[in-house]
Amino acid sequence: MDASRILLDAREQLGISRAEAARLCGISPSTVGRIEKGEIDPTWGTLSRILEASGFQICGERITPTGDATASVAARLVLDHVLSHTGAGPPDCAALSSLSGPEELKVWWDRWRRAGWLSDAATTTDISTVVRIGARISRQGRRTMPHLFVDHGRHWRELALRIDEAGFDYAVSDIAAALESPGAGLMEVPRIYVADPALIASMLNLRESPPERGLPLVAAEWPELDHLVVGHAIRFTSLGQALMDGLAGTESEQRRAERWVFKLLVEAFPLR
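Definitions and cut-offs
Residues numbered from 1 in each chain as written. Predicted model: local features only at pLDDT ≥ 70, side-chain atom pairs only at ≥ 80, totals over all residues. Heavy atoms only, no water. 1 Å grid on protein atoms, 1.4 Å probe; cavity = no way out; pocket = protein on both sides within 12 Å on 5 of 7 lines; lining within 4 Å. Points joined across faces, edges and corners; volume = space filled by probe spheres on them. Helix = DSSP H or I, 4+ residues; strand = E, 2+ residues; numbered from the N terminus. Nonpolar A, V, L, I, M, F, W, Y, C, P; charged D, E, K, R; others polar. Buried < 20%, exposed > 50% of the residue type's maximum accessible area, 1.4 Å probe, protein only. Contact = heavy atoms within 4.5 Å. Polar contact = N/O pair within 3.5 Å; in protein donor to acceptor, adjacent residues only side chain to side chain. Core = buried A, V, L, I, M, F, W, Y, C linked by side-chain atoms within 4.5 Å. Phe/Tyr/Trp six-rings, centres within 6.5 Å; stacked < 30°, edge-to-face > 60°. Salt bridge = Lys/Arg side-chain N within 4 Å of Asp/Glu carboxyl O. Arc of directions from axis to C-beta.

K.L.:
Can you walk me through empty space enclosed by the protein in this structure?
P.N.:
Gaps left between atoms are located by rolling a probe of water-molecule size over the structure's atoms. With the rule as written, the count across this model stands at 1 cavity of 30 Å³ or more. By volume, the largest cavity amounts to about 40 Å³. Considering the residues around the largest cavity, the lining is formed by Leu7, Ala10, Arg11, Leu14, Ile16, Ala21, Leu24, Cys25, Ile50 and Ser54. Contributing elements (two or more residues each) for the lining of the largest cavity: helix 1 (3-14), helix 2 (18-25) and helix 4 (44-54). For the lining of the largest cavity, the element with the most residues is helix 1, which contributes 4 residues. Its residues assigned to classes, the lining of the largest cavity shows 8 nonpolar, 1 polar and 1 charged.

K.L.:
Got a minute to help me understand the environment of arginine 191 in this structure?
P.N.:
Positionally, arginine 191 belongs in strand 5 (residues 191-194). By relative accessible area, arginine 191 is classed as buried at 12%. Linking arginine 191 and lysine 37, residues 154 residues apart in sequence, is a C-alpha distance of 44 Å. With residues up to four places along the chain from it excluded, the contact list for arginine 191 reads Arg142, Arg143, Met145, Ala171, Val172, Ser173, Pro216, Val218 and Asp245. Within the local environment of arginine 191, its side chain forms a polar contact with the backbone oxygen of arginine 142, the two atoms lying 2.6 Å apart.

K.L.:
Sorry, what's going on with the nonpolar core here?
P.N.:
As a rule of thumb, soluble globular proteins bury nonpolar side chains together. Within the largest apolar cluster, 58 residues are counted, with the highest numbers of intra-cluster contacts made by Trp112 and Ile127. Here this core takes 8 residues from helix 5 (residues 69-83), the largest share from any one element. In contact with isoleucine 127, other than residues within four places in its own chain, are Val78, Leu79, Val82, Leu96, Trp117, Leu118, Ala122, Leu265 and Phe269. Counting 22 residues, the second-largest nonpolar core is a separate cluster that includes Ile163, Ile192, Val194 and Leu204.

K.L.:
Help me understand helix 4 in this model?
P.N.:
Side chains of residues three or four places apart in an α-helix project in the same direction, reflecting 3.6 residues per turn. Buried within helix 4 are the following residues: Thr46, Leu47, Ile50, Leu51, Ala53 and Ser54. Looking one or two residues past helix 4, glycine 55 carries a phi angle of roughly 90 degrees, positive in sign.

K.L.:
When you look at the packing of aromatic side chains in this model, what are you seeing that I'm missing?
P.N.:
How two aromatic rings sit relative to each other is set out by the distance from centre to centre and by the angle between their planes. For the structure on display, the rule yields 2 aromatic pairs. With 5.8 Å between their ring centres and 35 degrees between their planes, tryptophan 108 and tryptophan 112 make a pair best called tilted. Taken together, the residues span about one helical turn, with tryptophan 108 and tryptophan 112 both in helix 6 (residues 103-115) at a distance of 4 residues. Note on accessibility: tryptophan 108 and tryptophan 112 belong to one class, buried.

K.L.:
Sorry if this is basic, but what is going on with the side chain of aspartate 80 here?
P.N.:
By the element assignment, aspartate 80 lies in helix 5. Aside from chain neighbours lying at most four places away, what touches aspartate 80 is Ser238, Leu239, Gly240 and Gln241.

K.L.:
Mind showing me how you'd approach the pattern of salt bridges here?
P.N.:
Opposite charge on two side chains allows them to pair when their charged atoms are near. The full count for this structure, using the stated rule, is 15 salt bridges. Where glutamate 52 meets arginine 111, a salt bridge forms, and the shortest distance between an N and an O atom there is 3.7 Å. Separated by 59 residues along the polypeptide, glutamate 52 in helix 4 and arginine 111 in helix 6 bring together distant segments of the chain. Judged by its relative accessible area of 9%, arginine 111 falls in the buried class. Here arginine 207 ties to aspartate 151 by a salt bridge, and the two come within 2.8 Å at their closest N and O atoms. With a gap of 56 residues between them, arginine 207 in strand 6 (residues 207-208) and aspartate 151 in strand 3 (residues 147-151) connect regions that are remote in the sequence. What you see here is one network of salt bridges that share partners, running through Arg142, Arg191, Glu224 and Asp245.

K.L.:
Is there a simple way to explain the layout of surface pockets in this structure?
P.N.:
In this model, the largest pocket occupies a volume close to 420 Å³. Those elements giving two or more residues to the lining of the largest pocket turn out to be helix 7 (124-143), strand 3 and strand 7 (215-219). Here the lining of the largest pocket is built from residues that sort into 8 nonpolar, 4 polar and 7 charged. Roughly 250 Å³ of volume is contained in the second largest pocket. Looking at the second largest pocket, the residues that line it are Gln13, Ser128, Val131, Arg132, Ala135, Arg136, Arg139, Leu247, Gln254, Glu258, Val261 and Phe262. If you list the elements that add at least two residues to the lining of the second largest pocket, you get helix 7 and helix 11 (251-268).

K.L.:
How do you make sense of helix 3 (residues 29-36) when you look at a structure like this?
P.N.:
If you check which residues of helix 3 are buried, you get Val32, Gly33, Ile35 and Glu36. All buried residues of helix 3 project into a common sector of 165 degrees when viewed along the axis, lining one side. Those residues of helix 3 that are buried lie in contact with helix 1, helix 2 and helix 4. Just downstream of helix 3, glycine 38 is the residue with a positive phi angle, here 80 degrees.

Structure, rendered in structure tokens:
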């Protein structure tokens, strides 16, 4: 696979311009243009930098996202920061230039800052780009997190309350609207994050179930149990976490999550 195709494919899959790709990858816009036109053949070091910064890997005759789940976590924390200001005036975008956290997350934030999406002048489009890229890169990794499907008739509300009554920490990955009526939430069947799915299943005598009929208990590996939202005695993940999980779901779940992201960001940036 030649370098021009790699760069074009990465840009198309991420939905970014040549200028954004250049800033993201730390090369000049003219170099991006010349590579895409086949006028120059980059060194392996330059090509590796392009792949790493954009979140892709070569797989046979094509490129695929690495599945790095930390991209989703980094995007989730950006989204949570922005949405925490919804209804209380425009978000404090200046803080996006100094987000702090583990080194794995800083790597993504540094790239996105370099691309110009995390700044004190960030817009709805900038944050949407971060969310889209984080979801695109990490989708496969999020889908393969350690989990256990349990037979509970898909009555996730009742299971969440049972987990709570047993004294275990948990968080349902959806929005509170999911309680109002079937189909009102993001997920067809929401994830329930817990520290140890096997322990929960054992303590509550839950039977393992085929994926198409079960409820997924997912091992919390990052901040899934932080900044919870409580609604009708049920603990939900942060809104940013639920949206990123929705973007990693089925096509219909992705579409619902995309609509919610757009709606909420427009509310967060009323003057932009």
